[in-house]
Amino acid sequence: MHVPKKRQRLQNLHILDNLIEQGYNLCWAATCASIINYKKGTSYDSYDVNDYYSPHNNNSENEVYTADIPKVLSLYGLSYKYKAIAPSAQVVLKNIKADYPVYGGFEGVGVSL
């Protein structure tokens, strides 16, 4: 798998027990990286995910919306479904117990559980 060049790091987040380096406006990519790293045992950061996804993104502004996240994760061999409604606490807990991290978009910020 292609691993893009690293760039200057602007911010660090601690997600899923892994340090994920996050660039400006790349919370979606840091969240995806945390899930990919957890499931695949890799060490990607937000720049890696953004750079790898960019050629596949049809948006000229290179914006990524919550509905786009399954496509991003599929590039790394992960299967996710987008749902426009918030899952119940029971669904979140069931997914976490099943070793299936949850991606959520909250007020424009990507978060993994």
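Owing to the predicted nature of the structure, the values given are computational and were not obtained by experimental measurement. (Residues numbered from 1 in each chain as written. Predicted model: local features only at pLDDT ≥ 70, side-chain atom pairs only at ≥ 80, totals over all residues. Heavy atoms only, no water.)

What follows concerns helix H1 (residues 27-40). Compared with the 20 Å implied by 1.5 Å per residue over 14 residues, the 19 Å span of H1 between its first and last C-alpha is a close match. With 11 of its 14 residues buried, H1 lies for the most part within the structure. (Helix = DSSP H or I, 4+ residues; strand = E, 2+ residues; numbered from the N terminus. Expected span 1.5 Å × (residues − 1). Buried < 20%, exposed > 50% of the residue type's maximum accessible area, 1.4 Å probe, protein only.)

As a further point, take the environment of Tyr44. Mapped onto the elements, Tyr44 comes out in the loop between H1 and helix H2 (46-53). Tyr44 gets classed as buried once you look at its relative accessible area, which sits at 11%. The sequence separation of Tyr44 and Cys32 amounts to 12 residues, and the corresponding C-alpha distance is 9.2 Å.

Before going further, it helps to spend a moment on the pattern of salt bridges. Summed over the entire model, instances satisfying the criterion amount to one salt bridge. A salt bridge links Lys39 to Asp99, with the shortest nitrogen-to-oxygen separation between them at 3.6 Å. Linking Lys39 in helix H1 with Asp99 in the loop between helix H4 (89-97) and strand E3 (103-106), this pair joins segments that are 60 residues apart in sequence. For Asp99, a relative accessible area of 34% translates into the label partly exposed. (Salt bridge = Lys/Arg side-chain N within 4 Å of Asp/Glu carboxyl O.)

This next bit is on the confidence of the model for the chain. Residues at a pLDDT of 70 or more form 70% of the chain, whose mean pLDDT is 75. Looking over the chain, one finds the lowest element-wise mean pLDDT in strand E1 (residues 11-15), namely 41, and the highest in helix H3 (residues 69-74), namely 92. Per-residue pLDDT stays below 50 along residues 1-16; that stretch engages in 45 contacts with residues further than four places along the chain or on separate chains. (pLDDT = per-residue confidence, 0-100. Contact = heavy atoms within 4.5 Å.)

Now for the packing of aromatic side chains. Counted by the stated rule, this structure contains four aromatic pairs. One aromatic cluster in this structure is built from Tyr44, Tyr52 and Tyr76. (Phe/Tyr/Trp six-rings, centres within 6.5 Å; stacked < 30°, edge-to-face > 60°.)

Attention shifts here to the nonpolar core. Taken as a class, soluble globular proteins show a tendency for nonpolar side chains to be buried jointly. If you look at the biggest cluster of nonpolar residues, it comprises 22 residues, and the most contacted ones within it are Trp28, Cys32, Ile36, Val49, Ile69, Val72 and Leu73. Put simply, the parts of the chain that give this core at least two residues each are H1, H2 and H3. Considering each element in turn, this core owes the most residues, seven residues, to H1. Ignoring anything within four residues of it in the chain, the contact list for Trp28 reads Val49, Asn50, Tyr53, Val64, Ile69, Val72 and Tyr103. (Core = buried A, V, L, I, M, F, W, Y, C linked by side-chain atoms within 4.5 Å.)

This part is about the side chain of Thr31. Within the secondary structure, Thr31 sits in helix H1. Judged by its relative accessible area of 1%, Thr31 is buried. At a separation of 2.8 Å, a polar atom in the side chain of Thr31 contacts the main-chain carbonyl oxygen of Cys27. (Polar contact = N/O pair within 3.5 Å; in protein donor to acceptor, adjacent residues only side chain to side chain.)

Following the criterion strictly, the structure yields zero disulfides and no others. This cysteine, Cys27, is not joined by any disulfide, and Cys32 carries the nearest cysteine sulfur, 9.7 Å off. Residue Cys27 is classed as buried on the basis of its relative accessible area of 15%. (Disulfide = S-S within 2.5 Å.)

What follows deals with the environment of Tyr65. Note that Tyr65 resides in the loop between H2 and H3. Looking at Tyr65, the relative accessible area reads 46%, which means it is partly exposed. Spatially, the C-alpha atoms of Tyr65 and Trp28 are 8.1 Å apart, while their sequence positions differ by 37 residues.

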